[in-house]
Amino acid sequence: MHLAYPAVLAALLFCTGLYGVLARRNAILVLMSVELMLNAVNLNLVAFDVWLSRTAEETLHSGQALTLFTIAIAAAEIGIGLAIVLAVHRNRGTADIDKLRDTAEGHESDGTDSGLPATDPAAEKAEATA
């Protein structure tokens, strides 16, 4: 099998994952897209390892070893990522990234960006003295 087949497949997987990271609003789908990108890298590592082992006399299979490390790191990343998403969902009630970004920047959900309180403090003082 030629090296081009797995390389093209890995490029398609990586582009699909990149599109998912940039276009999705749900945090879980973004994490799944990151996993797609990591699997594309794993496919490239294994394909180039097999391709280089045919030409070299001593094979170390370093691409496959790096793939195992990448899988372990991806498992830890998805575990921590899902824990964060679940904690945020419990606190905020949504996993929508745009809404979470708005709340982190201090914007209110009704679209006002003034940052001023809804009531006038001078009017409250007048009501308290009357």
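Residues numbered from 1 in each chain as written. Predicted model: local features only at pLDDT ≥ 70, side-chain atom pairs only at ≥ 80, totals over all residues. Heavy atoms only, no water.

**Thoughts on the overall build of the chain**
Moving on, step 1. Regarding its fold elements, the chain presents five helices and zero strands.
Moving on, step 2. Taken from the N to the C terminus, the helices and strands of the chain come in the order α-α-α-α-α.
Moving on, step 3. Within the chain, contacts between residues separated by at least 24 positions form 55% of all contacts whose residues are at least 6 apart in sequence.
Moving on, step 4. Carbon together with sulfur atoms contributes 65% to the accessible area of the chain, which is approximately 9,700 Å² in total. (Helix = DSSP H or I, 4+ residues; strand = E, 2+ residues; numbered from the N terminus. Contact = heavy atoms within 4.5 Å. Areas by Shrake-Rupley, 256 points an atom, 1.4 Å probe, with all protein chains shown as cover.)

**Quick word on the packing of aromatic side chains**
Moving on, step 1. If you walk through the whole model with that rule in mind, you get one aromatic pair.
Moving on, step 2. Residues Phe 48 and Trp 51 carry aromatic rings whose centres are separated by 6.2 Å and whose planes lie at 85° to one another, so their mutual orientation is edge-to-face. Of this pair, Phe 48 and Trp 51 both sit in helix α2 (residues 27-55), separated by three residues, roughly a single helical turn.
Moving on, step 3. Classification of Phe 48 by relative accessible area gives partly exposed; the value is 35%. (Phe/Tyr/Trp six-rings, centres within 6.5 Å; stacked < 30°, edge-to-face > 60°. Buried < 20%, exposed > 50% of the residue type's maximum accessible area, 1.4 Å probe, protein only.)

**Side note on helix α1 (residues 4-23)**
Given 3.6 residues per helical turn, the α-helix brings residues three or four places apart onto the same face.
Moving on, step 1. Spanning 20 residues, α1 covers 28 Å between terminal C-alpha atoms, matching the ideal 28 Å at 1.5 Å per step.
Moving on, step 2. Taken as a whole, α1 has its buried residues at Pro 6, Ala 10, Gly 17 and Gly 20. Considered in projection along α1, the buried side chains sweep an arc of 85° and stay on one side of the axis. Exposed side chains of α1 directed beyond 90 degrees from the buried face belong to Leu 12, Tyr 19 and Leu 22.
Moving on, step 3. Buried positions along α1 lie against α2. (Expected span 1.5 Å × (residues − 1). Arc of directions from axis to C-beta.)

**Notes on the pattern of salt bridges**
Side-chain pairing between opposite charges can occur once the charged atoms of the two side chains come close.
Moving on, step 1. Summed over the entire model, instances satisfying the criterion amount to one salt bridge.
Moving on, step 2. Residue Arg 25 is joined to Asp 98 by a salt bridge in which the shortest nitrogen-to-oxygen separation is 3.4 Å. Of this pair, Arg 25 sits in the loop between α1 and α2 while Asp 98 sits in helix α4 (residues 97-104), and the two are 73 residues apart along the sequence.
Moving on, step 3. On the accessibility criterion, Asp 98 (27% relative accessible area) is partly exposed. (Salt bridge = Lys/Arg side-chain N within 4 Å of Asp/Glu carboxyl O.)

**Here we look at the confidence of the model for the chain**
Moving on, step 1. Confidence along the chain averages 83 in pLDDT terms, with 77% of residues attaining 70 or more.
Moving on, step 2. Mean pLDDT across the secondary structure elements of the chain bottoms out at helix α5 (residues 121-129), with 61, and peaks at α1, with 96. (pLDDT = per-residue confidence, 0-100.)

**A word on the packing of α1 against α2**
Moving on, step 1. Relative to each other, α1 and α2 sit at 160°, their axes nearing to 8 Å. Considered as vectors, α1 and α2 are oriented roughly antiparallel to each other. Of the two elements, α1 crosses α2, and the hand of that crossing is left-handed. On α2, the residues that touch Pro 6, Ala 7, Leu 9, Ala 10, Leu 13, Phe 14, Thr 16, Gly 17, Leu 18, Gly 20 and Val 21 of α1 are Val 30, Ser 33, Val 34, Leu 36, Met 37, Ala 40, Leu 43, Asn 44 and Ala 47.
Moving on, step 2. Each residue belonging to the contact of α1 with α2 can be placed in one class, and the counts come to 15 nonpolar, five polar and no charged. (Axes fitted to C-alpha atoms, helices over the stretch in contact; angles between N-to-C directions. Parallel < 35°, antiparallel > 145°, perpendicular 65-115°, else oblique. Left-handed = near helix turned anticlockwise from the far one by under 90°. Nonpolar A, V, L, I, M, F, W, Y, C, P; charged D, E, K, R; others polar.)

**What about a nonpolar patch on the surface?**
Moving on, step 1. Nonpolar side chains collect at one region of the surface, where Phe 14, Leu 18, Leu 22 and Val 41 lie side by side and expose about 350 Å² of accessible area between them.
Moving on, step 2. The dominant element in the nonpolar patch, judged by the number of residues it contributes, is α1, at three residues.
Moving on, step 3. Looking at the element boundaries, Leu 22 is found in helix α1.
Moving on, step 4. Note on Leu 22: relative accessible area 69%, which makes it exposed. (Patch = residues over 30% accessible without salt bridge, like charges linked within 9 Å, V, L, I, M, F, W, Y side chains within 5 Å.)

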